[in-house]
Amino acid sequence: MIAAIVVAVTVTAGAFALRTPSPVGHWNSKDKHEKFVADYQRAWEDMPTPDRTLDVRTEFGFVRVYRFDGTGPTRTEHPFVLLPGRSSPSPIWATNMPSLLALGDVYALDLLGEPGMSVQEVPIENDDDNAAWLDQTLEQLPEDEFNLLGLSIGGWAATNLATHYPDRVASLMLIDPAYTFATIPLGTAVRAIPASVSWLPKSWRDSFASYTAGGAPVEDNAVARMIETAMSAYSIKLPQPSLIPESDLEGLRMPVLAVLAGRSVMHDASDAEEVARRALGNGTVVVYPKASHAVGSEEADRIADEISRFLSS
């Protein structure tokens, strides 16, 4: 209980230090936006060419959606919808795309209110709003149901949607999701605050990115450069995600695959595994003991195999 209070106070203090008068996410300057776009485009060079690019109008703003046709001889019944992590727009999936496209059609989204090509216009004030904009986005795509694949905070977004608007969710696939099965540790919350301060040195943000990736170097990586620029160039104005209640997890009726990283810094992996196994009545829980929170890219092909077995069963 004391740890939870300390985390709340720390996050509140950080939010106060980073406050801006705007009620919606925004770029801190024209020059920083231009730098981010350049880094986004550079990171996109490792992505396949989308078959369609959409800007979907929602009540809360425009959501950038990329559509990729699957490349395999057979395709999953429902397309994948990829939801990335905090300050990590669509190019974060570059390593995963070949193996995912071999399984089926793919939509990749830039989360609304996060740095990317989506444009927030209206405040997102709570978990209901976070579910609403995503449901409104899926509503305007031609398919009726989707396999949601969420990474980190994207895993939370997918689960949050499924607890509010389950009808469009054929299955949930969660890669080391944050705020879903366990809370973020105090140490990670404290480290995240200075990494989000735009005027502090770049090395602080690089250090945090390396920390989440198990100590891997990030300075010469195009995706890591994009994320670092995103953290310094964009002011996020989103509510703190609420930990998904176990009762809501127990109420999920669609199949759920949870891939947890044993060395994750976004939760205690043992606690997260215990909750996931206890609460998910229709769940498959897999733990990669040596993986970091960057498990999505570290184990891209292995995760694709996991997804293929999960959907087949």
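Residues numbered from 1 in each chain as written. Predicted model: local features only at pLDDT ≥ 70, side-chain atom pairs only at ≥ 80, totals over all residues. Heavy atoms only, no water.

**Quick look at the nonpolar core**
- Leu 83, Leu 109, Trp 133, Leu 148, Leu 172 and Phe 181 are the most contacted members of the largest nonpolar core, which has 47 residues in total.
- Discounting chain neighbours no more than four positions away, the residues touching Leu 109 are Val 63, Arg 64, Val 65, Val 81, Leu 82, Leu 83, Pro 84, Ser 90, Trp 133, Leu 134 and Thr 137. (Core = buried A, V, L, I, M, F, W, Y, C linked by side-chain atoms within 4.5 Å. Buried < 20%, exposed > 50% of the residue type's maximum accessible area, 1.4 Å probe, protein only. Contact = heavy atoms within 4.5 Å.)

**Considering the environment of Ser 264**
- Considering the arrangement of structural elements, one finds Ser 264 in the loop between β10 (256–261) and α10 (269–279).
- Since its relative accessible area comes to 10%, Ser 264 is described here as buried.
- Each C-alpha atom, one on Ser 264 and one on Ser 292, is 4.8 Å from the other, the two residues being 28 residues apart in sequence.
- If we skip the residues at most four places from it in the chain, Ser 264 touches Asp 176, Ala 291 and His 293.
- A polar side-chain atom of Ser 264 sits 3.1 Å from the main-chain amide nitrogen of Met 266. (Helix = DSSP H or I, 4+ residues; strand = E, 2+ residues; numbered from the N terminus. Polar contact = N/O pair within 3.5 Å; in protein donor to acceptor, adjacent residues only side chain to side chain.)

**Side note on the pattern of salt bridges**
- Inspection of the entire model under this criterion finds 16 salt bridges.
- Between Arg 67 and Asp 69 there is a salt bridge whose closest N-O contact spans 3.2 Å.
- Assessed through its relative accessible area of 12%, Arg 67 is described here as buried.
- Classification of Asp 69 by relative accessible area gives partly exposed; the value is 32%.
- We note a salt bridge from Glu 143 to Arg 67, for which the minimum N-O separation is 2.9 Å. Linking Glu 143 in the loop between α4 (127–139) and β7 (146–151) with Arg 67 in strand β3 (residues 61–68), this pair joins segments that are 76 residues apart in sequence.
- One salt-bridge network, in which partners are shared between bridges, spans Arg 67, Asp 69, Arg 75, Asp 105 and Glu 143. (Salt bridge = Lys/Arg side-chain N within 4 Å of Asp/Glu carboxyl O.)

**Structural notes on the side chain of Arg 64**
- By the secondary structure assignment, Arg 64 is in strand β3.
- Ignoring anything within four residues of it in the chain, the contact list for Arg 64 reads Thr 53, Leu 54, Asp 55, Ala 108, Leu 109, Asp 110, Met 117 and Ser 118.

**Details of α10**
- Along α10, the positions that sit buried rather than exposed are Ala 269, Ala 272, Val 275, Ala 276 and Ala 279. Buried residues of α10, viewed axially, fall in a sector of 130°; they line one side.
- Those residues of α10 hidden inside the fold are in contact with α9 (246–250), β10 and β11 (283–288).
- At the N-terminal end of α10, a side-chain oxygen is found 3.0 Å from the backbone nitrogen of Ser 270, two or three residues along, and the residue is Asp 268. (Arc of directions from axis to C-beta.)

**Remarks on unusual backbone geometry**
- For Ser 152, which is not glycine, the phi dihedral falls at a positive 55°.
- In this fold, Ser 152 is placed in the loop between β7 and α5 (153–164).
- A positive phi is found at Tyr 179, a non-glycine position, where the angle reads about 60°.
- Positionally, Tyr 179 belongs in the loop between β8 (169–175) and α6 (186–195).

**Topic: helix α8 (residues 222–233)**
- With 12 residues, α8 extends 16 Å from end C-alpha to end C-alpha; this agrees with the ideal 16 Å at 1.5 Å per step.
- Counted residue by residue, α8 has 11 buried out of 12 residues, so it is predominantly covered.
- Taken as a whole, α8 has its buried residues at Ala 222, Val 223, Ala 224, Met 226, Ile 227, Glu 228, Thr 229, Ala 230, Met 231, Ser 232 and Ala 233.
- Taking the backbone nitrogen of Val 223 as reference, a side-chain oxygen 2.9 Å away marks Asn 221 as the first, capping residue of α8. (Expected span 1.5 Å × (residues − 1).)

**Observations regarding the confidence of the model for the protein chain**
- Across the protein chain, the average pLDDT comes to 88, with 84% of residues at or above 70.
- A low-confidence stretch, residues 1–18 (pLDDT under 50), is modelled with 14 contacts involving residues beyond four sequence positions or located in other chains. (pLDDT = per-residue confidence, 0-100.)

**Notes on the packing of aromatic side chains**
- On inspection of all chains with the given rule, the structure shows 7 aromatic pairs.
- A ring pair is formed by Trp 27 and Tyr 234, whose centres lie 4.8 Å apart and whose planes are at 75°; its orientation type is edge-to-face. Taken together, the residues span a long stretch of sequence, with Trp 27 in strand β1 (residues 26–27) and Tyr 234 in strand β9 (residues 234–235) at a distance of 207 residues.
- Judged by its relative accessible area of 23%, Trp 27 falls in the partly exposed class.
- Arranged with centres 6.4 Å apart and planes meeting at 25°, the rings of Trp 44 and Phe 68 form a pair that is stacked. With Trp 44 in helix α2 (residues 30–44) and Phe 68 in strand β3, this pair connects stretches of sequence that are 24 residues apart. Side by side, Trp 44 and Phe 68 carry an identical accessibility label, which is buried.
- Aromatic rings pair up to connect Trp 27, Phe 36, Tyr 40, Trp 44, Tyr 66, Phe 68 and Tyr 234 into one cluster. (Phe/Tyr/Trp six-rings, centres within 6.5 Å; stacked < 30°, edge-to-face > 60°.)

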